[in-house]
Amino acid sequence: MANILPQTMEKVQHAVLGPRGGDKVSDLGKNTKEMTNKMRLTTDYGVKQTTADDWLKAVDKDQAGPLLLEDPFARERIMRFDHERIPERVVHARGTGAFGKFRVFESAEDVTFAPVLTDTSRETPVFVRFSTVLGSRGSADTVRDVRGFATKFYTQEGIWDLVGNDIPVFFIQDAIKFPDVIHAGKPEPHNEVPQAQSAHNNFWDFQYNHTEATHMFMWAMSDRAIPRSYRMMQGFGVNTFTLINAKGERHFVKFTWTPELGVHSLVWDEALKLAGQDPDFHRKDLWEAIENGVYPKWKFGIQVIPEADEHKFDFDILDATKIWPEDLVPTRYIGEMELNRNPDEFFPQTEQIAFCTSHVVPGIGFSDDPLLQGRNFSYFDTQISRLGVNFQELPINRPVCPVMNFNRDGAMRHTITRGTVNYWPNRFEICPPASHEEGGYVEYAQKVVGMKARMRSEKFKEHFNQAQLFWNSMSAVEKNHIINAFMFELDHCEDPVVYGRMVKRLADIDLGLAQTVAEMVGGEIPKEGRPNHGRKAPALSQTEFPAVKPTIASRRIAILIGDGYDPISFSGAYAAITAALAIPLVIGTKRSKVTSSDGSTSVQPHHHLEGFRSTMVDALFIPGGEGSVRTLGKNGRALHWIREAFGHLKTIGATGEAVNLVNTAIGLPEVTVSDSGEVHDSYGVVTLREIKPGSLSEAVTIAKGAKGFLESFFWNISQHRNWDRELAGLHTQVAY
Ligand code: HEM
């Protein structure tokens, strides 16, 4: 293969195609309108209308008459509305997205010539869509499911779509199985139940019968499947792609996103409740963070294997049910992405965005991964039925670089191309193919040999080693959560054949796991299992991914108050929470004004106790004040807030009289509280009985071993959840 010089290529392209704007937002500006009160209502064909309320009728002032079909305005409104819906995505139907930017801080030119991965001075606009897989468009955000993490890079060389998930492996090795795995997971065909759930017979029947899914279902039962936020998930390209460098050498590659805020999850009871209490929880969370200027960021990493090393591993590196363990192939972090702008309108942006794994730019290529190759066919094909053959012309999908070719016509064609020819070769030499040097995409000259046969290479047949590796690498808490997930899921399978077999399958991973689950779900308790190799791998447990630096930024912190609250603690905590870029949410016994103990101040709460729930916040603070605490103590919902936050392992802070309230509500001897001017931290319950001037200062440093009340409270919140509480079994002793 000839050498390719990216800089030359870029210069030639500029000369041939003209200057190019890298700014997707200004590109979208061509199609964006503002609505103002200066404008007047018109039909779609531009004629001003005098009413938006009355259909033209045969009518007089005493009698209603029939509507007249002749009214073009009314007909336009109704017919236009009748056709508003388009098919939802066949998978990943529910999602949300945001704009942002991507930049490499370390050039990967040793392995690729793609400027998006080598040019450190370049900022590439992106749009990211996060999603669940199984649920329909109107389903809930917090269900147990894989999350999609799809990134559209608007590069100067064309669109690169990196269509990944928050889990690095997949259920199947060969794309031909995709309809089966999705049918088995979606609602069952006879009654369309259950919605957005894997907890049913068909899902688990398939998992048992299809052993290559074993590794993936372990991930799907882990905390990865119930993220706290899209902002706190890793992303993985999953499939094996290739990178080609300027010398024409090829490397295999896997792509990874790692969040700056750390990888964090909900707890299952919270996820279950949120699905009903706030089905848009993740959607709102991303929106709120961006609106508040707390922009989520991810490091971009690559794992790279030289072509010559393809067969050096005991697994096939083209098998999407396998990870490349980091001790064998370390991740090299080379870039960073920030999401910093919410869409203007959901439908033409987040809904109409269309990702295709087949969209890659020069310097990036495919591998023979049999899942990826099927995906490369499927995405383009599905966009044709969802959006139409001209889907790439839609504003959100069109590249920021020039597009020119002989594709023509089709439903909803927008582009008007002047000239007399629509074919190549033509006598004018219009729109010739680009040469290599001009940036034309050149397939890597890969030698292909083989028989034409429906088979996979030998290493694809091993299905359990990495499922064991994953289980062995989990922390004690994560193992508990996986056990509980199986207990829940298999309890929802009514067919004893399904749960009985699944328990046997678990013995292929770990006998103790299988026995514990079997006892709970009612399957026969296995006596022996497949020997566990005992190996562990770094970077599989999400405890390996704390936030880059301890922070409470963007965390929601509820402050519970009633009339008679202590104004000093209240305002001290409120100011410090705000200064730390977290979100204070005042939850009152009512939403009308609540007055402080000395009558000096009053505050209008954001919500009242019934309207909002502890599930929607990360932590709880209750200031003292005799009257407030007395009222809260008699309010069952307030007590439930405290107990539920405790059960969900959240940090709880209390000062003054509220210390006793918290102590009584939790009611466990193991959880102790402050009885003086000393701050006390017991299992993440942070209390201070006596408030002195300066006890709650606004400037808080978040660091381990903090002594002050807010320091200790914030440090606990920055750790996400109090796992010691769970390890001591305390969370299960409180009713919530
Ligand atoms: C490595 C495994 C896979 C991953 C990581 C993955 C990821 C994703 C993601 C993130 C989306 C949502 C895109 C969006 O937000 O618009 C999606 C949609 C979709 N995926 Fe996959 N997928 C995988 C496997 C497959 C396979 C094997 C097929 C078919 C052979 C497939 C077909 C589809 C289809 C048809 C859609 C809907 C696209 C649309 O309507 O816009 N996926 N996938």
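Criteria and thresholds
Residues numbered from 1 in each chain as written. Predicted model: local features only at pLDDT ≥ 70, side-chain atom pairs only at ≥ 80, totals over all residues. Heavy atoms only, no water. Buried < 20%, exposed > 50% of the residue type's maximum accessible area, 1.4 Å probe, protein only. Helix = DSSP H or I, 4+ residues; strand = E, 2+ residues; numbered from the N terminus. Arc of directions from axis to C-beta. Contact = heavy atoms within 4.5 Å. Salt bridge = Lys/Arg side-chain N within 4 Å of Asp/Glu carboxyl O. Phe/Tyr/Trp six-rings, centres within 6.5 Å; stacked < 30°, edge-to-face > 60°. Lys NZ or Arg CZ within 6 Å of the ring centre and 35° of its normal. Core = buried A, V, L, I, M, F, W, Y, C linked by side-chain atoms within 4.5 Å. Domains from an automatic or database assignment. Donors = N, O, S within 2.8 Å, 3.2 Å for Na, K, Ca; no water. UniProt positions renumbered as here; feature names shortened; annotations may be inferred. Patch = residues over 30% accessible without salt bridge, like charges linked within 9 Å, V, L, I, M, F, W, Y side chains within 5 Å. Areas by Shrake-Rupley, 256 points an atom, 1.4 Å probe, with all protein chains shown as cover. Lys, Arg positive; Asp, Glu negative; His and termini not counted. Charge placed at Lys NZ, Arg CZ, Asp CG, Glu CD. Near = heavy atom within 4 Å. Polar contact = N/O pair within 3.5 Å; in protein donor to acceptor, adjacent residues only side chain to side chain. Nonpolar A, V, L, I, M, F, W, Y, C, P; charged D, E, K, R; others polar. Pairing = 2+ DSSP bridges. Axes fitted to C-alpha atoms, helices over the stretch in contact; angles between N-to-C directions.

*Asks:* Quick one: what's the story with helix H8 (residues 268-277), residue by residue and with numbers?
*Replies:* Among the residues making up H8, those that are buried are Trp268, Glu270, Ala271 and Leu274. Angular distribution of buried residues about the axis of H8 spans 155°; they occupy a single face of the element. Where H8 is buried, its residues meet helix H9 (281-291) and helix H13 (476-491).

*Asks:* Let's hear about the pattern of salt bridges: which residues, and what values?
*Replies:* Counting across every chain of the model gives 45 salt bridges. In this structure, lysine 24 engages aspartate 27 in a salt bridge whose closest nitrogen and oxygen atoms are separated by 2.7 Å. Of this pair, lysine 24 and aspartate 27 both sit in helix H2 (residues 24-29), separated by three residues, roughly a single helical turn. Judged by its relative accessible area of 1%, lysine 24 falls in the buried class. Its salt-bridge partner being aspartate 508, residue arginine 530 comes within 3.1 Å of it at the nearest N-O pair.

*Asks:* Could you give me a rundown of the packing of aromatic side chains, with the residues and numbers involved?
*Replies:* Two measures describe an aromatic ring pair: the distance that separates the ring centres and the angle between the ring planes. Counted by the stated rule, this structure contains 33 aromatic pairs. Both rings, one in phenylalanine 130 and one in tyrosine 230, keep their centres 5.0 Å apart while their planes meet at 10°; by these two values the pair is stacked. With a gap of 100 residues between them, phenylalanine 130 in strand E2 (residues 124-132) and tyrosine 230 in the loop between helix H7 (214-220) and strand E5 (235-236) connect regions that are remote in the sequence. According to the relative accessible area criterion, tyrosine 230 is buried, its value standing at 1%. Measuring from ring centre to ring centre gives 5.0 Å for tyrosine 565 and phenylalanine 570, while their planes differ by 55°; the resulting arrangement is tilted. Arginine 144 extends its terminal NZ or CZ atom over the ring of tryptophan 268, reaching a point 4.9 Å from the ring centre. Directly above the ring of phenylalanine 99 sits arginine 341, whose terminal nitrogen or CZ lies 5.3 Å from the centroid.

*Asks:* How would you explain the nonpolar core if you had to name every residue and give the values?
*Replies:* In this structure, Phe171, Trp204, Met218 and Phe486 are the most contacted members of the largest nonpolar core, which totals 54 residues. Listed by contribution, the elements that provide at least two residues to this core are helix H5 (178-185), helix H6 (201-209), H7, helix H12 (465-473), H13, helix H14 (496-506) and helix H15 (511-521). If you count residues domain by domain, this core takes at least three from each of domain 2 (95-171 + 224-397) and domain 3 (469-544). Setting aside residues no more than four positions away along its own chain, tryptophan 204 makes contact with Ser198, Ala199, Phe217, Met221, Phe486, Glu489, Leu490, Cys493, Val498 and Met502. Among the nonpolar cores identified, the runner-up in size contains 41 residues, and Leu274, Phe488, Ala654 and Leu668 belong to it.

*Asks:* Before we move on, can you summarise the coordination of the iron atom of the ligand with the specific residues and values?
*Replies:* For the iron atom of the ligand, the protein supplies a single donor, Tyr379 (OH), at a distance of 1.9 Å. Mapped onto the elements of the fold, tyrosine 379 is located in helix H11 (residues 370-387).

*Asks:* Give a description of the UniProt feature "domain: Catalase core" (unreviewed entry) in the chain that names residues and reports values.
*Replies:* Residues given the UniProt feature "domain: Catalase core" (unreviewed entry) here are residues 42-432. Here residues 42-432 is 21% helix and 19% strand, with 44 Å between the C-alpha atoms at its ends.

*Asks:* Could you give an account of a negative patch on the surface, naming the residues involved and the relevant values?
*Replies:* Among the surface-exposed residues, Asp205, Asp491, Glu494 and Asp495 lie close enough to one another that they form a single negatively charged patch. Along the chain, glutamate 494 falls in the loop between H13 and H14. Under the relative-accessibility criterion, glutamate 494 is labelled exposed at 64%.

*Asks:* Go over the environment of glutamate 443 with me, naming the residues and quoting the values.
*Replies:* Of note, glutamate 443 is situated in the loop between H11 and H12. A relative accessible area of 58% means that glutamate 443 is categorised as exposed. In this structure, the C-alpha to C-alpha distance between glutamate 443 and serine 265, residues 178 residues apart in sequence, is 41 Å.

*Asks:* Talk me through the site of the ligand; I want residue IDs and the actual numbers.
*Replies:* Around the ligand lies a shell of 23 residues, among which Arg89, Arg129, Arg375, Tyr379 and Arg386 are the nearest. Interatomic distance of 2.9 Å between a side-chain N/O atom of arginine 386 and an oxygen atom of the ligand. Elements with a contribution of two residues or more to the shell around the ligand: strand E3 (147-155), strand E4 (158-165) and H11. Sorting elements by how many residues they give to the shell around the ligand places H11 first, with seven residues. Broken down by class, the residue content of the shell around the ligand amounts to eleven nonpolar, eight polar and four charged.

*Asks:* Requested: an account of the UniProt feature "active site" (unreviewed entry) in the chain, with residues and values cited.
*Replies:* Under the present numbering, the feature "active site" (unreviewed entry) in UniProt falls on His92 and Asn165. Taking the farthest pair of C-alpha atoms as the criterion, the annotated set spanning 74 residues converges on one region, since that pair is 10.4 Å apart. Tracing the backbone shows histidine 92 in the loop between helix H3 (72-82) and strand E1 (95-104). Aside from chain neighbours lying at most four places away, what touches histidine 92 is Arg129, Ser131, Thr132, Val133, Gly148 and Asn165. You can see asparagine 165 is positioned in strand E4. By relative accessible area, which is 7% here, asparagine 165 ends up buried. Residues in contact with asparagine 165, not counting those within four places in the same chain, are His92, Val146, Arg147, Gly148, Phe149, Phe170, Gln234, Gly235, Phe236 and Val238.

*Asks:* Which residues make up the sheet that holds strand E16 (residues 619-622), and what are the values?
*Replies:* The strand order across the open sheet formed by seven strands is E15-E12-E11-E16-E17-E19-E18, and the pairing between neighbours is mixed. The outermost strands of the open sheet, each flanked by one partner alone, are strand E15 (607-608) and strand E18 (680-682). Relative to strand E19 (residues 685-688), strand E17 (residues 651-655) runs parallel, the two sharing four bridges. Counterpart to glycine 653 in the pairing with E19 is valine 686. Sheet strands in contact with helix H19 (residues 658-666) are E16, E17 and E19, and its direction is about 140° off that of E17.

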